[in-house]
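Survey of secondary and tertiary structure
Listed here are the chains, written in short residue letters.
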Amino acid sequence: DQQNSSSKEVAVPPTPDVDIYKVTDKEERVRMKRVLANRRSARESYQRRKKMLSSLESVITLLEKENSGLLSENKQLRLEIMNYQRQLGYSLIMNNQFGNGMGLNETSGMTGVSLQQLPTEQHLQ
């Protein structure tokens, strides 16, 4: 019995050109069918993984482009905000200096704020 089992372990694994129906030993034929089915399944799984990876790489590329655009838009909007804040600060300082009744102390609570203290492009970095 040990000789039979050892001879089965030494059996050559099936290759695509092997006709499993010419194998006389039923157990060996079943084993060969299983091996071939496993190979086919592994090949199909590999193809599915490859397709999925390609799809994910496309999504990554698309998202990277979108992210880059959003970062650029964000920077532009921050620059606009900074410019508006500087304009507002300058306007408030000018009103305070010329006594228009809307000084910094009265309207914004920004006592002692100067143009140098308002946001600059360095704040965007």
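The model shown is predicted, which means the values in this text are computed figures rather than measured ones.

1. What to know about the overall build of the chain
Scanning the chain from terminus to terminus reveals 3 helices and 0 strands. Going from the N terminus to the C terminus, the chain shows its helices and strands as α-α-α. Put simply, the chain has 125 residues, and 12% of those count as buried. Nonlocal contacts in the chain, meaning residues at least 24 apart in sequence, comprise 34% of its contacts between residues at least 6 apart.

2. Thoughts on the side chain of Glu28
You can see Glu28 is positioned in helix α2 (residues 26-97). Note on Glu28: relative accessible area 10%, which makes it buried. Looking at Glu28, its side chain comes within polar contact range of the side chain of Arg31, at 2.8 Å.

3. Quick look at the pattern of salt bridges
One pass over the structure, following the stated rule, counts 1 salt bridge. The partner of Glu28 in a salt bridge is Arg31, and the shortest N-O contact between them spans 2.8 Å. With Glu28 and Arg31 both in helix α2 and 3 residues apart, this pair spans about one turn of that helix.

4. Notes on the confidence of the model for the chain
Note that predicted coordinates carrying low pLDDT should not be read in detail. Taken residue by residue, the chain gives an average pLDDT of 76. The fraction at 70 or more is 58%. The spread of mean pLDDT over the elements of the chain runs between helix α3 (residues 104-107), the lowest at 43, and α2, the highest at 93. Confidence drops under pLDDT 50 across residues 102-113; counting only partners more than four residues distant or on other chains, this segment forms 19 contacts.

Conventions we followed
- Residues numbered from 1 in each chain as written.
- Predicted model: local features only at pLDDT ≥ 70, side-chain atom pairs only at ≥ 80, totals over all residues.
- Heavy atoms only, no water.
- Helix = DSSP H or I, 4+ residues; strand = E, 2+ residues; numbered from the N terminus.
- Buried < 20%, exposed > 50% of the residue type's maximum accessible area, 1.4 Å probe, protein only.
- Contact = heavy atoms within 4.5 Å.
- Polar contact = N/O pair within 3.5 Å; in protein donor to acceptor, adjacent residues only side chain to side chain.
- Salt bridge = Lys/Arg side-chain N within 4 Å of Asp/Glu carboxyl O.
- pLDDT = per-residue confidence, 0-100.

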